[in-house]
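# Survey of secondary and tertiary structure
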Amino acid sequence: FSEVIQSAKDYAIISEILARESGELTYTVLLLLTDGAVSDVEITRDALIEASNAPLSVVIVGVGNADFSRMQSLDDMELQPPARDITKFVELNKHLHDKSSLTASTLDEIPNQLVDYFVS
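Residues numbered from 1 in each chain as written. Predicted model: local features only at pLDDT ≥ 70, side-chain atom pairs only at ≥ 80, totals over all residues. Heavy atoms only, no water.

## Concerning the confidence of the model for the chain
With 100% of its residues at a pLDDT of at least 70, the chain reaches an overall mean of 91. The least confident element of the chain is helix α3 (residues 69-75), whose mean pLDDT is 81; the most confident is helix α1 (residues 2-21), at 97. (pLDDT = per-residue confidence, 0-100. Helix = DSSP H or I, 4+ residues; strand = E, 2+ residues; numbered from the N terminus.)

Following this line, the structure appears as structure tokens:
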């Protein structure tokens, strides 16, 4: 995941620079769908921390029956400022009964993450 997160961070930063030249604001949301756990949690964790200074949120949706406990740990990271929490992990199987529950869980942290970015 680290390469995709890095690319999304770069895209978000470039988009923000271009938007500000026009007097506008922009924010990027990266949605990752995975049917397995991350292979290297530390590298992914480092990429998320590095990306936390960009106008970016990362939503990871676990699909299937894999053990996603390592993915949840990325969402539960305790970060020290200036790093921001930009990660949300959702396990699809826990929301198959209710599409609105899936939507709410997937999107619930994005407004605060967006505000945290622009206020900081």
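Let's pick the thread back up.
## As for the nonpolar core
One recurring pattern in soluble globular proteins: nonpolar side chains tend to sit buried together. Core analysis: the largest hydrophobic core is formed by 20 residues, its most contacted members being L30, L48, L56, V58, I60, M71 and L74. Contributing elements (two or more residues each) for this core: α1, β1 (28-34), α2 (41-51), β2 (56-62) and α3. Not counting the four nearest positions on each side in its chain, L56 is found in contact with I5, A8, K9, A12, Y27, T28, L30, A51, R84 and I86. (Core = buried A, V, L, I, M, F, W, Y, C linked by side-chain atoms within 4.5 Å. Buried < 20%, exposed > 50% of the residue type's maximum accessible area, 1.4 Å probe, protein only. Contact = heavy atoms within 4.5 Å.)

## Notes on α2
Looking only at α2, the buried set comprises V41, T44, A47, L48 and A51. Projected down its long axis, α2 carries its buried residues within an arc of 125°, all on one side. In this structure, the buried side of α2 is in contact with α1, β2, α3 and β3 (87-91). You can read the cap of α2 off the contacts: a side-chain oxygen lies 3.2 Å from the backbone nitrogen of E42, and it is on D40. (Arc of directions from axis to C-beta. Polar contact = N/O pair within 3.5 Å; in protein donor to acceptor, adjacent residues only side chain to side chain.)

## As for a nonpolar patch on the surface
Taken together, L31, L33 and V63 make up a surface patch of nonpolar side chains, about 280 Å² in accessible area. For L33, a relative accessible area of 61% gives the class exposed. (Patch = residues over 30% accessible without salt bridge, like charges linked within 9 Å, V, L, I, M, F, W, Y side chains within 5 Å. Areas by Shrake-Rupley, 256 points an atom, 1.4 Å probe, with all protein chains shown as cover. Salt bridge = Lys/Arg side-chain N within 4 Å of Asp/Glu carboxyl O.)

## Remarks on the pattern of salt bridges
Tallied over the full model, the rule gives five salt bridges. One salt bridge connects K88 with D108, and the closest N-O pair in it is separated by 3.5 Å. Of this pair, K88 sits in strand β3 while D108 sits in the loop between α4 (99-107) and α5 (110-119), placing them 20 residues apart in sequence. Here K94 makes a salt bridge to E91, at a shortest N to O gap of 3.9 Å. Via salt bridges that share partners, K88, D108 and E109 belong to a single interconnected network.

## Here we look at the environment of Q80
With respect to the helices and strands, the residue Q80 is situated in the loop between α3 and β3. On the basis of relative accessibility, which here comes to 62%, the residue Q80 falls in the exposed class. In the structure, Q80 is positioned 31 residues away from I49 in sequence and 9.6 Å away in space, judged by C-alpha atoms.

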